[in-house]
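If you want the building blocks of each chain, they are given just below.
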There are 2 protein chains.
Amino acid sequence: MTIANAALASEMLDIVAPAYKAKKVLRTATGDQRNAALRAAAAAIRAHKKAILSANAADANTARQQKMAPAMVDRLLLDDDRIEAMAKGVEDVAALPDPVGRELARWTRPNGLDIARVATPIGVIAMIYESRPNVTADAGALCLKSGNAVVLRGGSDARFSNAAIHAAMVEGLRAARLPEASISFVRNTDRDAVGMLLRGFNGLIDLIIPRGGKSLVKRVQDESQVPVLAHLEGICHVYIHAKADPAKARAIAVNSKMRRTSVCGAAETLLIDRAVLVTTGKAVLADLAAAGCEIRGDDDVCAAFPAARKADYEDWRTEYLDAIIAVKTVDGIDDAIEHIDLLGSQHTESIVTEDRAAAEKFLADVDSAIVEWNASTQFADGAEFGMGAEIGIGTGRLHARGPVGVEQLTTFKYVVRGTGQIRP
Amino acid sequence: MTIANAALASEMLDIVAPAYKAKKVLRTATGDQRNAALRAAAAAIRAHKKAILSANAADANTARQQKMAPAMVDRLLLDDDRIEAMAKGVEDVAALPDPVGRELARWTRPNGLDIARVATPIGVIAMIYESRPNVTADAGALCLKSGNAVVLRGGSDARFSNAAIHAAMVEGLRAARLPEASISFVRNTDRDAVGMLLRGFNGLIDLIIPRGGKSLVKRVQDESQVPVLAHLEGICHVYIHAKADPAKARAIAVNSKMRRTSVCGAAETLLIDRAVLVTTGKAVLADLAAAGCEIRGDDDVCAAFPAARKADYEDWRTEYLDAIIAVKTVDGIDDAIEHIDLLGSQHTESIVTEDRAAAEKFLADVDSAIVEWNASTQFADGAEFGMGAEIGIGTGRLHARGPVGVEQLTTFKYVVRGTGQIRP
């Protein structure tokens, strides 16, 4: 280890160790106390609006000087409305039911032992994110609501904004007499700081959640020695079955792709049954093109819809996050399911059909975090699921898949109440 | 990679790739089909009893030639009763309710979307284990029951026994027309084969479950790039509170330690409130000593019970798995909880008390997979919890803690049924 790295490790441990201690206090803090901290944090965000805006202006200036793309600068920018939305978001999290202490199951054994499975906090969560400074408030609020301590590590682009928002969150913790380290913040933007978090400080960190571009998520998934909740990409499919209602197919395909092209639940590939390619399929493609979407199709699609350009193999496994869609002709539901299985990312897929049996087969056989029937893939979102808010979407197989809300940020333990039972 | 390793990698891929394909078939196989395979496997175990016993005799001979300790040879040995118990165990797993397809939650959104959280198989599980050949049947049965494909990698000590039992399991799969690779077996006992499984073959393996000694589990936890469900050790505590019923304290302490000393739920440390050290505490220590248990105590314990020898720091964090117990005097419940927090392994801890408020504090504040009130720690077992059988115990924080039964061997997906909803 270089001397610089030893200094960084020491600096990081000064952040992670207090977070670990805070987790022990949070384990027994009440829901009222955690909610009071969140409401006070929301008030502090509003009270410090000027300081947050001025920190944000500094970040935006740096970004413009570094010739950051205007769309990226926009993601970074805060204004009165965005700050109010951020404060309101923290209050909304406070208003959610307490996820800690929920009795998930309870039963009595023949020997009289009373066994309950009870939700408990996970512990210390490290959140590694980029760009949007509102994540500082959102992630801090969701982790605290679920009784976890969190170590926030935002991107260097938003360093001053993040620090100003973090200061408001800490003010909330202080008002509720909770440890300030419950929501900790890594100011150092050295890339090695992330590597240290990923090595977990010998068990002090229980979970890593990355949120940002594909390269960040991939680095976290590849390097982490701590469990990770994340999705690398959302290659979401809409499948127009032979028995699709044409109006639903058109509305769902256009909404799934074009409502917002930059979200992970946006459709990237459209599968169309050969039987309806020149009827419903063609109408759908015309709608998409009219909405400004570029169509990349296989030979049959290009023949049916000449404005389409030819897709190559990479198109079937590309998350465009843009107004582009790959369109493939399939020979029935088995072909559609096989394509999704081979080239999907196990995020969200939707079948459009009026045939209940086909729909149920698709819902049963497709192995993605979210499978849908006659609904837009853009519903892949914690708020749309009724979870209140999400810290992200998971496409791994363990613990939580799909939207990760406050309930998914808890684990559980077994509480066994006896009257002196011993095991024969 | 050496040429030998390239050959091994190719050999391993010939096992893992078919298991990956089998997982896709298992995803849509019915519970009846999986149960039929298990019942046929149980029948095959009985039918091939002679072959299994002769393979086991070969393993035992090798073990004796290599001067294996008699207790270890005993763990390896099969006889008529043990084979019948193994077959019966597989039938018992078949008789459990189907964990796949369970509706874990279901709700309707204001926009009419019907959202269900449904249990699904995890995928491909690699099971890495030592010694006892019955794990081949147990783990194969539990994974198949929960719709998973499994790659079994047993220890070299039981190589012939494991292969013979595996052949019977495959006969069951064949009878039910399920892919033989649903329960796959690694014959090669090269240590590098384990390393390859731990690297996950680029996502083909979804979960690793190690079962065996501490060095095996530690290697798996340290090296695995795939999620692991395991416990490294069970440093379980019994805490005798000042208001403990003396009879319950004596029965629970002796049962927790001495019923079977080799199980992970066996107590390793006894904490005694100073207020009852020379009363209830002394009686408990006399019972333990009379049952053949060595007592290692702090100064106060040694003063109260002169037959105790002095404990050193290592005793507070040692999993003896033997007739030895470390005994510490504590100054009340906070002191006890702090000791467990600092030196426990988050497995199973029990408080003995008649004071409900103290019990509930202990149950709430101790952060272990299983927390108990007035019950033996040796209840830390899937069958005792009513899960039917367990593949192991988890002390990690994510997905499953405590006994891992067939329900814990599933994950879930969201099934969303709409009528054409698009997102505003």
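Note that the structure is predicted; figures quoted are calculated from it, not measured.

Trainee: How do you make sense of the overall build of chain A when you look at a structure like this?
Mentor: The helix and strand tally for chain A stands at 14 helices and 16 strands. Structurally, chain A occupies a C-alpha span of about 70 × 65 × 45 Å along its principal axes. Here chain A holds 424 residues, and the buried ones make up 55% of them. Within chain A, counting contacts between residues at least 6 apart in sequence, those at least 24 apart form 73% of the total.

Trainee: Just to check I follow, could you spell out the pairing of strand β2 (residues 114-121) of chain A for this structure?
Mentor: Every regular strand shows the same layout, with side chains that alternate between the two sheet faces. Residue and element names in this part refer to chain A. For strand β1 (residues 103-108) and β2, the ladder comprises five bridges, and the chain directions are antiparallel. Note on β2: the bridge partner recorded for glutamate 103 is valine 118. The turn joining β1 and β2, which pair antiparallel and follow one another in sequence, is formed by five residues; a positive phi near 95 degrees is taken by glycine 112. Bridge analysis of β2 against strand β16 (residues 410-421) gives eight bridges, and the strand direction is antiparallel. When the sheet's bridge partners are listed, valine 118 is paired in β16 with lysine 413.

Trainee: Sorry if this is basic, but what is going on with the sheet that holds strand β2 (residues 114-121) of chain B here?
Mentor: In a beta sheet, neighbouring strands are held together by backbone hydrogen bonds and run either parallel or antiparallel to one another. Strand order in the open sheet formed by 10 strands is β10(A)-β9(A)-β11(A)-β8(A)-β7(A)-β12(A)-β13(A)-β16(B)-β2(B)-β1(B), and the pairing between neighbours is mixed. In this open sheet, the two edge strands, each paired with only one partner strand, are β10 (309-310) of chain A together with β1 (103-108) of chain B.

Trainee: Please clarify how the relation of the copies chain A and chain B should be interpreted in this entry.
Mentor: In this arrangement, two copies of a chain are superimposed by a rotation about an axis accompanied by a shift along the axis. With an RMSD of 0.0 Å, the fit of chain A onto chain B corresponds to turning through 180 degrees and sliding 0.0 Å along the axis. What the rotation and shift describe, once combined, is the action of a two-fold rotation axis. Of every C-alpha in chain A, the one belonging to A:His399 sits nearest the axis of rotation, 1.9 Å from it. The overlap is high: 98% of the interface residues of chain A also sit at the interface in chain B, so the same surface is used on both sides.

Trainee: Would you explain the interface of chain A and chain B in this entry?
Mentor: Frequently, the measure chosen for interface size is the accessible area removed from exposure when the parts meet. Every contact between the two is made by 53 residues of chain A and, on the other side, 54 residues of chain B. Of all the secondary structure elements, the ones that give two or more residues to the side of chain A that touches chain B are α10 (246-258), α14 (356-365), β13 (370-375) and β16 of chain A. Of all the elements, β16(A) adds the most residues to the side of chain A that touches chain B, at 11 residues. Class assignment of the residues belonging to the side of chain A that touches chain B gives a composition of 23 nonpolar, 15 polar and 15 charged. Looking at chain direction, β13(A) and strand β16 (residues 410-421) of chain B are connected through five bridges and run parallel. Within β16(B), the residue paired with A:Ala375 across the bridge is B:Gln421.

Trainee: Where do I start with the sheet that holds strand β3 (residues 124-129) of chain B in this structure?
Mentor: Residue and element names in this part refer to chain B. The strand order across the open sheet built from four strands is β5-β4-β3-β6, with neighbouring strands paired in parallel fashion. Among the strands making up the open sheet, the edge pair consists of β5 (183-185) and β6 (207-211). For this sheet, the mean inter-axis angle between neighbouring strands, taken without regard to orientation, is 20 degrees. Where strand β4 (residues 149-153) lies against β5, three bridges are found, and the strand directions are parallel. Counted as the bridge partner of valine 151 is serine 184 from β5. Where helix α9 (residues 214-223) meets the sheet, its contacts fall on β3 and β6, and the angle it forms with β6 comes to roughly 160 degrees.

Trainee: Would you explain the domain arrangement of chain A in this entry?
Mentor: Looking at the assigned domains, one finds that chain A contains domain 1 (3-230 + 408-415) and domain 2 (236-379). Taking only C-alpha atoms, the centre of domain 1 of chain A and the centre of domain 2 of chain A are 36 Å apart.

Trainee: How should the environment of A:Ala119 be read in this particular structure?
Mentor: Residue and element names in this part refer to chain A. Looking at where alanine 119 falls in the secondary structure, it is placed in strand β2. For alanine 119, a count of 20 C-beta atoms within 10 Å translates into the label buried. With 26 residues separating them along the chain, alanine 119 and lysine 145 place their C-alpha atoms 13 Å apart.

Trainee: Can you help me understand helix α11 (residues 277-290) of chain B in this one?
Mentor: Side chains that are three or four residues apart share a direction in an α-helix, a result of its 3.6 residues per turn. All names here are of chain B. Buried within α11 we find Leu277, Thr280, Gly281, Val284, Leu285 and Leu288. Taken down its axis, α11 places every buried residue within 130 degrees of arc, on the same side. Packing partners of the buried residues in α11 comprise β7 (236-240), α10 (246-258), β8 (267-273), β9 (294-297), α12 (299-304) and β11 (324-330). Of the residues flanking the end of α11, it is glycine 292, one or two places downstream, whose phi is positive at about 95 degrees.

How each quantity is defined
Residues numbered from 1 in each chain as written. Chains lettered and ligands numbered in written order. Predicted model: local features only at pLDDT ≥ 70, side-chain atom pairs only at ≥ 80, totals over all residues. Helix = DSSP H or I, 4+ residues; strand = E, 2+ residues; numbered from the N terminus. Buried ≥ 20, exposed ≤ 12 C-beta atoms within 10 Å, placed from the backbone. Contact = placed C-beta atoms within 7 Å. Pairing = 2+ DSSP bridges. Least-squares fit on C-alpha atoms with pLDDT ≥ 70 in both. Nonpolar A, V, L, I, M, F, W, Y, C, P; charged D, E, K, R; others polar. Axes fitted to C-alpha atoms, helices over the stretch in contact; angles between N-to-C directions. Domains from an automatic or database assignment. Arc of directions from axis to C-beta.

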